[in-house]
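Commentary on secondary and tertiary structure
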Amino acid sequence: MVSLQRQKFPAKKHVLLLSVVFLAAVCLSHAHAREGAVGRIINVQGDVSVARPPANTWDAASPGAFIMPMESVRTGPDGW
């Protein structure tokens, strides 16, 4: 007769704890990035650019980017 004994996996607790800590850190850093933002780019179609002071050079916009005070957004004829 074979007797099987279930092993305890304390590593599961560590993985869960690390996952919770990582998730909390991501949430806090994401909330910090939004602080002071006046908008956020959700979707980019065509020519869409953002100018950020002090350089005020126009860079391609990307989805998820936050728009801060004094920044400008422009679209080309095919942009929205």
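Now for a look at the structure at hand.

Procedures and definitions
Residues numbered from 1 in each chain as written. Predicted model: local features only at pLDDT ≥ 70, side-chain atom pairs only at ≥ 80, totals over all residues. Heavy atoms only, no water. Pairing = 2+ DSSP bridges. Helix = DSSP H or I, 4+ residues; strand = E, 2+ residues; numbered from the N terminus. Axes fitted to C-alpha atoms, helices over the stretch in contact; angles between N-to-C directions. Core = buried A, V, L, I, M, F, W, Y, C linked by side-chain atoms within 4.5 Å. Buried < 20%, exposed > 50% of the residue type's maximum accessible area, 1.4 Å probe, protein only. Contact = heavy atoms within 4.5 Å.

1. Examining the sheet that holds strand 2 (residues 48-51)
- A sheet is described by the order of its strands in space; here three strands give the open sequence 3-2-5, paired in antiparallel fashion. Here the strands that pair on one side only, and so sit at the sheet edges, are strand 3 (58-60) and strand 5 (72-75). Each strand axis lies, on average, 35° off the axis of its neighbour in the sheet, ignoring direction.
- In the sheet, strand 2 pairs with strand 5 via four bridges, with the strands oriented antiparallel. Residue pairing across strands places Val48 opposite Thr75, the latter belonging to strand 5.

2. A look at the nonpolar core
- Formed by Ile41, Val48, Val50, Ala61, Ala65 and Ile67, the largest nonpolar core amounts to six residues.
- Setting aside chain neighbours within four positions, we find Val50 in contact with Ile41, Thr57, Trp58, Asp59, Ala61, Ile67, Glu71, Ser72 and Val73.

3. Quick word on the pairing of strand 2
- Of the two faces of strand 2, the one lined by Val48 and Val50 and the one lined by Ser49 and Ala51 are each fully buried.
- In this structure, strand 2 lies alongside strand 3, joined through three bridges in antiparallel fashion. Among the inter-strand pairings, Val50 is bridged to a residue of strand 3, identified as Asp59.
- Hairpin connection of strand 2 to strand 3: six residues between the antiparallel strands, including Asn56 at a positive phi of 55°.

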